[in-house]
Amino acid sequence: MVNDQRDAGRRQVFSAIRKAERVARVDLARETGISPATVTSITAELIREGLIEETGSSQDRGDLRRGRPRVDLKVRGAARVVAGMKLSQKAITTAIIDFEGALIGESTMELSAPKHSAADLAPLVTQAAQQAAASAGLTLSDLSGVGLGLAGTVDAQGGLVHWSPGLSERNVPLRSLLEQQINLPIFLDNDANLVAMAEQYFGHGRGIRDFIVITIESGVGMGIVINHEIYRGARGCGAEFGHTKVQLDGALCRCGQRGCLEAYVADYALLREAATTTDFADQHGTTRKLQEMVQAACDGNETAQMILDRAGRMFAMGLANMVNVFDPQLIILSGERMQFDYLYADEVLNSIRKSIVQIDLPPPEIVIHKWGDLMWAKGAAAYALDGVADIALQAIAGHAA
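Let us look at the structure shown here. Quantities reported herein were computed from a predicted structural model and do not represent experimental measurements.

Quick look at the overall build of the protein chain now. Counting secondary structure elements, the protein chain contains 13 helices and 15 strands. Dimensions of the protein chain along its principal axes, counting C-alpha atoms only, are 75 × 55 × 40 Å. Buried residues in the protein chain amount to 51% of all 401 residues. A separation threshold of at least 6 residues defines the contact pool for the protein chain, and within that pool the share at least 24 residues apart is 61%. Total accessible area computed for the protein chain in this model is approximately 18500 Å², and 48% of it derives from carbon and sulfur atoms. Between the mean site of the 39 positive side-chain charges and the mean site of the 48 negative ones, the protein chain shows a separation of 5 Å.

Moving on, we come to helix α2 (residues 25–32). Listed in full, the buried residues belonging to α2 are Asp27, Leu28, Ala29 and Thr32. Of the residues flanking the end of α2, it is Gly33, one or two places downstream, whose phi is positive at about 80°.

Throughout the structure, instances matching the rule amount to four aromatic pairs. Ring geometry for Phe14 versus Phe99: centroids 5.7 Å apart, planes at 35°, classification tilted. A residue pair is termed long-range when its members are at least 10 positions apart, and Phe14 in helix α1 (residues 2–20) and Phe99 in the loop between β5 (91–98) and β6 (103–110) qualify at 85 residues. Centroid distance Phe241 to Phe315: 6.3 Å. Interplanar angle 70°. Geometry classified as edge-to-face.

This paragraph deals with the side chain of Asp72. Note on placement: Asp72 falls in strand β3 (residues 71–75). Within polar-contact distance, the side chain of Asp72 engages the backbone nitrogen of Ala24 at 3.4 Å.

A separate point is the packing of α2 against helix α3 (residues 36–48). Put simply, α2 and α3 touch, their axes get as near as 9 Å, and they point 115° apart. Considering the relative orientation of α2 and α3, their crossing is right-handed. Two secondary-structure elements touch here, α2 through Arg25, Leu28, Ala29 and Thr32 and α3 through Pro36, Val39, Thr40, Thr43 and Ile47. For the contact of α2 with α3, the class distribution of residues is five nonpolar, three polar and one charged.

Taken in spatial order, the five strands of this open sheet run β6-β5-β4-β7-β10, and their pairing is mixed. Both edges of this open sheet fall to β6 and β10 (186–190), since each of them pairs with a single strand only. In this sheet, adjacent strand axes meet at a mean angle of 15° when their direction is disregarded. Pairing analysis gives six bridges linking strand β4 (residues 81–87) to strand β7 (residues 145–150), with the strands arranged parallel.

What follows deals with the sheet that holds strand β2 (residues 52–56). The antiparallel open sheet is built from three strands, whose spatial order is β1-β3-β2. Because the sheet does not close on itself, it has two edges, and the strands there are β1 (23–24) and β2. Of the strands in this sheet, β2 and β3 are in contact with α3, which crosses β2 at around 105°.

This part is about the nonpolar core. Within the largest apolar cluster, 47 residues are counted, with the highest numbers of intra-cluster contacts made by Phe14, Leu46, Leu51 and Phe99. Going through the elements one at a time, α1, α2, α3, β3, α7 (191–202), β11 (211–216), β14 (330–334) and α13 (373–400) are the ones with two or more residues in this core. Take this core: its biggest share by element is 12 residues, from α13. Contact partners of Leu46, with chain neighbours within four places excluded, come to Arg10, Val13, Phe14, Leu51, Ile52, Leu393 and Ile396. Cys253, Ala297, Met322 and Val323 belong to the second-largest nonpolar core, a separate cluster that totals 44 residues.

Turning our eyes to something else, we now look at the pairing of β6. Here is the key point about a regular strand: its side chains alternate between the two faces of the sheet. One ladder, built from seven bridges, connects β5 with β6; its direction is antiparallel. Paired with Ile96 across the two strands is Gly105, which belongs to β6.

At their nearest, the axes of helix α9 (residues 267–274) and helix α11 (residues 302–326) sit 10 Å apart, and the two run at 150° to each other. In terms of crossing hand, the pair formed by α9 and α11 is right-handed. Listed contacts from α11 to Leu270, Glu273 and Ala274 of α9 are Ile307, Leu308, Arg310 and Ala311. Its residues assigned to classes, the contact of α9 with α11 shows five nonpolar, no polar and two charged.

Using the criterion set out here, one finds zero disulfides in the structure. In this structure Cys255 is a free cysteine whose sulfur lies 3.7 Å from that of Cys253, the closest cysteine sulfur available. Between Cys260, a cysteine without a disulfide, and Cys255, which holds the nearest cysteine sulfur, the sulfur-to-sulfur distance is 3.9 Å. Given a relative accessible area of 0%, Cys260 falls into the buried group.

The phi torsion at Asn171 lies on the positive side, around 55°, for a residue other than glycine. Look at Asn171 and you get partly exposed, because its relative accessible area is 47%. Phi at Asp249 takes a positive value of approximately 55°, unusual for a residue other than glycine. Relative to the assigned elements, Asp249 resides in the loop between β13 (229–231) and α8 (262–265). Asp249 gets classed as exposed once you look at its relative accessible area, which sits at 66%.

Calculation rules
Residues numbered from 1 in each chain as written. Predicted model: local features only at pLDDT ≥ 70, side-chain atom pairs only at ≥ 80, totals over all residues. Heavy atoms only, no water. Helix = DSSP H or I, 4+ residues; strand = E, 2+ residues; numbered from the N terminus. Buried < 20%, exposed > 50% of the residue type's maximum accessible area, 1.4 Å probe, protein only. Contact = heavy atoms within 4.5 Å. Areas by Shrake-Rupley, 256 points an atom, 1.4 Å probe, with all protein chains shown as cover. Lys, Arg positive; Asp, Glu negative; His and termini not counted. Charge placed at Lys NZ, Arg CZ, Asp CG, Glu CD. Phe/Tyr/Trp six-rings, centres within 6.5 Å; stacked < 30°, edge-to-face > 60°. Polar contact = N/O pair within 3.5 Å; in protein donor to acceptor, adjacent residues only side chain to side chain. Axes fitted to C-alpha atoms, helices over the stretch in contact; angles between N-to-C directions. Left-handed = near helix turned anticlockwise from the far one by under 90°. Nonpolar A, V, L, I, M, F, W, Y, C, P; charged D, E, K, R; others polar. Pairing = 2+ DSSP bridges. Core = buried A, V, L, I, M, F, W, Y, C linked by side-chain atoms within 4.5 Å. Disulfide = S-S within 2.5 Å.

Rendered as structure tokens:
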């Protein structure tokens, strides 16, 4: 029981240091509710293990003048280095970050096909990780773990990918396959969850208790943060916003079902509708086709206007439903498709606000964050940092026992 309490206290103190970035022991005691003596003992352990370090503070010049320089604690950046990877249908984008969360290397490796078998994907992930590590002057053996985000239904705890548009098989034990290939701890999750984690660490979600991230790219994803924690659901397949149903027996979704929101909003859905025309659907490349469609709508093309208007209405209805269910403080719209405004035009945002429960308080704030794949990769790296820190703290608990 004592060891369990000590382990919990150790995790609480380390988490508070990471959150604060720089903090004095007395402030840690006040923040965590742990006694100053116990905080001093725990931080001594963390320093001895090389996970944190002391650093002078420039915040208290009065103490400096009186000869009592304040000593802060911070995470030791060199203690661990991890890779975070975003797997898209076009490329694997990798970020290398240190234990403090500083970006120290990055790379993008193009893929020859949008879908792979698990056996073919594992060496590609290894190659991408090696390439990114080299960009930081490191090798794979210098890394402490790898985070990987991919679209689809992912059991993060079990390391199982039930379905992903980037995999040719279902129910793939991807984490164990990658760990055998790379020989490092692998931390696997749905990519939208990792965007939400990236927002927590690096973006608009810092310090926000409850928020939702909606991602729109080749598909539609959602990450939910409740009480500062990622919500994944009992089976690991919660927050599948793109596969909520908006039309009974409606358009075919790439998941195999009909009537999903994604089947009306995602890029493949828009281009499928546009395939009956020849003035903008015949361009090469998804982005170019969408650019032509948006421009055609602006120029008065009725087909393009109809497709984009319907997408906006479906998106507004789906998002209003999420607001009514979760009542978040903040909604962040992110992803490659945010370069086009048809999903966050004034009429779409107004439609969302009109469809949510009306009370005498302002509606949730909606912000646009046009992230690139590197920021998705940083979210995967942040996830890996959490896992690597947990392993390190478990090791300390083992030593103490």
